[in-house]
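Geometric and topological summary
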Amino acid sequence: LSGQLLIAQHFDIEFQQCYGGSDTDYPKSILKIDSGFVSLGYSFSNDGDVSFNYGKGDFWLVCSAANGQILWERNFGGSESDLPANILPTPDDGFLLFGDTFSNDGDVGLNKGGNDLWVVKTDNLGNLEWEQSYGGSMNDYAYQAIIAHDSGYILAGRSFSSDGDASFNHGLADAWVVKIDTAGILEWERSYGGTDFDQGNSISRTTDGGYIIGGTTGSNDGDVQCTKGLSNAMVIKIDALGEIQWQRCYGGSYFDHAADIIQTDDGGYIFLGGTTSNDGDVIGYHGIPGEANTRDKWVVKLDASGQIEWQRCLGGLGSDKPKTIRQLNDGGYLVGGSSSSRDGDVTCNQSGSGLNTVMLYKLSPSGEIEWTKCLGSYGNNFLGDMHIYSDNHFLLAASTYRNDIDVDCDFKGQSDFWMVDIMDTTVSLKEEKKQEIRLYPNPASNHIWLQLPENTSLAQAQIELYSPAGKLLHNAKPSSHFHKIDVAHLPKGLYLVRLWDGERWYVEKLVVR
């Protein structure tokens with residue numbers, strides 16, 4: 001048997017909570033803090049957990065204890081639509097909220113014209129300290145903020161403006177990157193693109209002191225040299241001051257984009273995006289080429305100069321929406337999004353016909369699927385963000401539209417924040433550290449004895465027996481250092497016995513004959 005063989009994939013929900021009111025509420029970003037976590041989302045409600053609403057839709061900031069119970073919540077916005085993008089920590093233990101606003105009243109001090117990028121700085125209790133808008137006379141949209149290398153913050157989005165804070169525009173819309181200091185003062189800004197539609201969806205720091213931008217482009221002029229299709233995934237490498245070092249496009253004949261991009265441990269990059277192409281750089285598309293309702297998630301691994309090392313399409317015949325990608329400690333990747341598919345790579349969707357489940361993929365370092373996981377209700381469910389505690393423990397911020405299947409919390413309205421903490425408890429033959437736990441007889445036909453190590457605390461110990469399919473068959477707290485398990489009723493085959501010693505799991509193989 002291979003030491004890498006997974007017997008089955010099993011997740012336990014450690015806790016879950018629903019937040020919201022009687023209207024539509026959904027999360028966009030989550031941040032782990034010492035006392036628990038804070039989540040930032042969009043709220044139309046003015047009741048339930050939501051104490052106030054300025055207008056059409058507000059930034060809604062929720063601080064929760066480690067078990068998900070709400071500690072406090074705050075709204076920010078004006079009488080028009082205010083759409084959050086993400087939240088960052090600040091050096092004084094406060095928070096920086098990033099998004100865009102169409103308002104010119106309430107918490108919004110000044111609107112430059114149309115829709116502006118909007119930054120809100122709060123203290124550690126969510127009280128507003130300052131706010132600042134960035135933009136020009138046309139519409140400008142926010143997608144992601146990150147902490148800069150030196151100090152301050154980098155804001156990424158899209159701009160239609162060529163005045164105000166936007167010094168230049170190449171054409172219809174540009175990818176727009178804005179650098180601000182810790183007080184919100186604009187230090188520099190750059191527009192990237194051509195005469196068509198361009199936008200920057202994601203930005204990450206790079207180890208050389210610069211940044212990598214992932215987005216989409218329809219241009220083939222200006223800063224963009226793309227000849228692949230109707231709309232391409234675009235990656236731009238910039239230095240610390242926003243000057244372009246290199247730019248590349250990826251895709252096929254139809255519509256492709258990069259939704260999230262990070263630098264990888266080997267010095268290269270990986271982006272998660274979407275595609276409706278099945279040619280050019282795209283291999284393995286599951287849907288109908290050019291059809292937006294059958295798009296795939298698209299994962300593309302790049303080397304340090306932006307050359308493709310490998311790519312993988314994820315999905316089925318439905319719509320597979322990308323959200324976020326993170327590298328794990330084992331060198332693989334966790335991919336998150338949602339899916340309305342029920343075939344191809346998506347065989348676990350339990351939501352209604354045409355509706356979406358939260359969808360997770362674990363990829364190996366070379367892009368092979370190691371496992372998939374669906375989460376949600378019979379209604380629509382969309383992933384907003386995820387926090388990774390470890391390679392097998394994740395906190396998800398999602399939206400849900402009903403209370404059934406995996407969703408078991410106090411559902412408030414049309415759509416709620418659904419905060420769900422999940423632990424991968426898969427039994428694996430590569431199981432952690434070896435310890436002297438003895439099973440005898442082994443092979444067995446009637447019963448086995450498990451001998452615990454002498455230093456095992458019985459008060460902390462837990463024993464489990466799993467079937468070859470990963471089903472939990474036996475779960476007990478031992479009363480002595482010798483524990484008996486009856487196996488006479490079990491079919492012949494390979495089983496796994498696990499011991500929890502209060503700190504971690506240990507495993508031993510058992511053969512029943």
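Higher on the page you've got the structure.
As the structure is a computational prediction, the values presented were derived from the model and not from experiment. (Residues numbered from 1 in each chain as written. Predicted model: local features only at pLDDT ≥ 70, side-chain atom pairs only at ≥ 80, totals over all residues. Heavy atoms only, no water.)

Our next topic: the pairing of strand β35 (residues 505–512). Relative to β35, strand β34 (residues 493–500) runs antiparallel, the two being bridged by 8 bridges. Across the sheet, Trp500 pairs through a bridge with Trp505, a residue of β35. Hairpin connection between β34 and β35: a loop of 4 residues separates the two successive antiparallel strands, and Gly502 in this loop has a positive phi of roughly 100°. (Pairing = 2+ DSSP bridges. Helix = DSSP H or I, 4+ residues; strand = E, 2+ residues; numbered from the N terminus.)

Turning next to the packing of aromatic side chains. For the structure on display, the rule yields 16 aromatic pairs. Within the aromatic cluster, the residues linked to one another by ring pairs are Phe11, Trp371 and Phe394. Over the face of the ring belonging to Trp246 we find Arg248, whose NZ or CZ atom lies 5.9 Å from the ring centre. (Phe/Tyr/Trp six-rings, centres within 6.5 Å; stacked < 30°, edge-to-face > 60°. Lys NZ or Arg CZ within 6 Å of the ring centre and 35° of its normal.)

Bringing a nonpolar patch on the surface into the picture now. Together, Leu230, Tyr254 and Phe255 give the surface a local cluster of nonpolar side chains, amounting to about 290 Å² of exposed area. Mapped onto the secondary structure, Leu230 falls in the loop between β15 (211–217) and β16 (232–238). (Patch = residues over 30% accessible without salt bridge, like charges linked within 9 Å, V, L, I, M, F, W, Y side chains within 5 Å. Areas by Shrake-Rupley, 256 points an atom, 1.4 Å probe, with all protein chains shown as cover. Salt bridge = Lys/Arg side-chain N within 4 Å of Asp/Glu carboxyl O.)

Strand order in the open sheet formed by 4 strands is β10-β11-β12-β13, with antiparallel pairing between adjacent strands. The outermost strands of the open sheet, each flanked by one partner alone, are β10 (140–147) and β13 (186–192). Pairwise comparison of adjacent strand axes, ignoring direction, gives a mean angle of 20° for this sheet. One ladder, built from 6 bridges, connects strand β12 (residues 174–180) with β13; its direction is antiparallel. If you follow Ala175 over to β13, its bridge partner there is Tyr192. (Axes fitted to C-alpha atoms, helices over the stretch in contact; angles between N-to-C directions.)

Note that every value here comes from positions in space, so none of it alone points to a role or purpose.
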